[in-house]
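One-letter residues, chain by chain:
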Amino acid sequence: MAPTRRDVLLLSASAVAAALVPAGAAQASNGVWQAIDEFTGSALRLEGGVLLDAPEIFDNGGAVPIRVVAEGARRIALFNDGNPNPGVAVFNFGRLVPPEATIRIRLAQSQTVYAVAEMADGTYREASQKIAVTVGGCG
Amino acid sequence: MAQPRPRVKLPRSIEADVPFTVKTRITHPMHTGERHDSDGVLVPRRIINRFVVSYNGEVAITVDLEPAVSADPYVQFEMAVPASGVLEFQWFDDDGSVYSLSKQVEVD
């Protein structure tokens, strides 16, 4: 049977969707998605609820300041998609420390940084930010 | 390598149950294990892999660090304490060393 117009449209729509999703993933050859899945136990991650405060452009990739805040989180993990290894840091917050922290990180090249928060109810939240660095920090 | 030197900065005055900022840093090269020295020899990985802060024995925050953390790792956070006590900071090195610092907190 010849494909109908609707079949063709559906196919091309899914091809576009398929092209869109891995576009970011294709660039990430350092295993960032597996690393995030390990942290979350492959749980669904919702957008929002996490503030990732980082510069959009920074001259020194050797020490990029990153601040994360996630009200109600018990753990926050940072990941990158452009360094040799995807992990950056995992914060575990006790009773005395609100879920907020600042750290300085290395970025070997311009890339995206992800903050994934494990909330007190066991759900996960995510924020990401593209950071352009003029001098890489892992040379 | 010079002996890592930890430093912690607290505000001059701290009030009970009012959040204050804790700034921490330790001098450490954080060798990623990816770099080569000037002779082309791979510098083995050696990083601070864990940072733990406790207050009167209660864990306040722990941080697991990867090689993507900058040299001389800097960590800043907020905390609030109900009463005076001792803040303990511990940095764990890949080579098994533990560097410690404690600060007396006097609540106004």
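That block above? That's the structure.
Residues numbered from 1 in each chain as written. Chains lettered and ligands numbered in written order. Predicted model: local features only at pLDDT ≥ 70, side-chain atom pairs only at ≥ 80, totals over all residues. Heavy atoms only, no water.

Draft legend 1. How the structure looks around the overall build of chain A. Along chain A, the regular secondary structure elements total 2 helices and 9 strands. Across chain A, helices and strands are ordered from the amino to the carboxyl terminus as α-α-β-β-β-β-β-β-β-β-β. Counting across all 139 residues of chain A, residues that qualify as buried make up 42%. Taking the intrachain contacts of chain A between residues at least 6 apart in sequence as the baseline, contacts between residues at least 24 apart amount to 63%. When the accessible surface of chain A is summed, it comes to about 7200 Å², and 57% of that surface belongs to carbon and sulfur atoms. (Helix = DSSP H or I, 4+ residues; strand = E, 2+ residues; numbered from the N terminus. Buried < 20%, exposed > 50% of the residue type's maximum accessible area, 1.4 Å probe, protein only. Contact = heavy atoms within 4.5 Å. Areas by Shrake-Rupley, 256 points an atom, 1.4 Å probe, with all protein chains shown as cover.)

Draft legend 2. Structural context of the interface of chain A and chain B. With 29 residues of chain A at the contact, the number on the chain B side is 29 residues. Between chain A and chain B the total buried area reaches about 2300 Å² when both faces are included, carbon and sulfur atoms providing 50% of it. Of all residues in chain A, Leu96(A), Arg104(A) and Arg106(A) bury the most surface against chain B, accounting for 33% of the area lost on that side. A salt bridge links Arg95(A) to Glu58(B); the nearest nitrogen and oxygen atoms lie 2.7 Å apart. For the pair chain A and chain B, the interface holds 15 residue pairs in polar contact (both at pLDDT 80 or more). Residue assignment for the side of chain A that touches chain B shows that the elements contributing at least two residues are β6 (87-93) and β7 (100-105) of chain A. In terms of residues, the side of chain A that touches chain B owes the most to one element, β6(A), which gives 7 residues. (Buried area = accessible area lost by both parts, 1.4 Å probe. Salt bridge = Lys/Arg side-chain N within 4 Å of Asp/Glu carboxyl O. Polar contact = N/O pair within 3.5 Å; in protein donor to acceptor, adjacent residues only side chain to side chain.)

Draft legend 3. Molecular detail of helix α2 (residues 32-40) of chain A. All names here are of chain A. Restricting attention to buried positions, one finds in α2 the residues Val32, Ala35, Ile36, Phe39 and Thr40. For α2, the arc enclosing every buried residue in end-on projection is 130 degrees, short of the 170-degree limit, so these residues lie on one face. Residues of α2 that are exposed and angled more than 90 degrees away from the buried face: Gln34 and Glu38. If you follow the buried residues of α2, they end up packed against β1 (45-47), β5 (73-80), β6, β8 (111-119) and β9 (124-135). One or two residues past the end of α2 sits Gly41, with phi positive at roughly 65 degrees. (Arc of directions from axis to C-beta.)

Draft legend 4. Fine view of the nonpolar core. Ranked by size, the top nonpolar core spans 55 residues in total, and within it Ile66(A), Leu78(A), Phe91(A), Ile103(A), Phe77(B), Met79(B) and Phe89(B) carry the most contacts. Apart from the residues lying within four places of it in its own chain, the contact partners of Leu78(A) are Leu52(A), Ile66(A), Val68(A), Pro86(A), Gly87(A), Val88(A), Ala89(A), Phe91(A), Ile103(A), Tyr114(A) and Ala115(A). (Core = buried A, V, L, I, M, F, W, Y, C linked by side-chain atoms within 4.5 Å.)

Draft legend 5. Just the environment of Glu106(B), in detail. Residue and element names in this part refer to chain B. Assignment of secondary structure puts Glu106 in the segment after β7 (98-105). The spacing of Glu106 and Arg12 is 94 residues in sequence and 9.5 Å in space, taken between C-alpha atoms. The contacts of Glu106, once residues within four sequence positions are left out, are Ile14 and Ser84. A distance of 3.3 Å separates the side chain of Glu106 from the side chain of Gln104, its partner in a polar contact.

Draft legend 6. Broad picture of the pairing of β7(A). Examined bridge by bridge, strand β4 (residues 64-69) of chain A and β7(A) share 6 bridges and lie antiparallel to one another. Its bridge partner being in β7(A), Val68(A) is matched across the sheet by Ala101(A). As paired strands, β7(A) and strand β5 (residues 74-79) of chain B are joined by 3 bridges and run antiparallel to one another. Directly across from Ile103(A), in β5(B), lies its bridge partner Val75(B). (Pairing = 2+ DSSP bridges.)

Draft legend 7. View of the packing of aromatic side chains. As enumerated under the stated definition, the model contains 7 aromatic pairs over all chains in all. Centre to centre, the rings of Phe89(B) and Trp91(B) are 6.3 Å apart; their planes meet at 25 degrees, and the pair counts as stacked. Note on accessibility: Phe89(B) and Trp91(B) belong to one class, buried. Within the aromatic cluster, the residues linked to one another by ring pairs are Phe39(A), Phe79(A) and Tyr124(A). A cation over an aromatic ring shows up here: Arg104(A) above the ring of Tyr74(B), its NZ or CZ 3.9 Å from the ring centre. (Phe/Tyr/Trp six-rings, centres within 6.5 Å; stacked < 30°, edge-to-face > 60°. Lys NZ or Arg CZ within 6 Å of the ring centre and 35° of its normal.)

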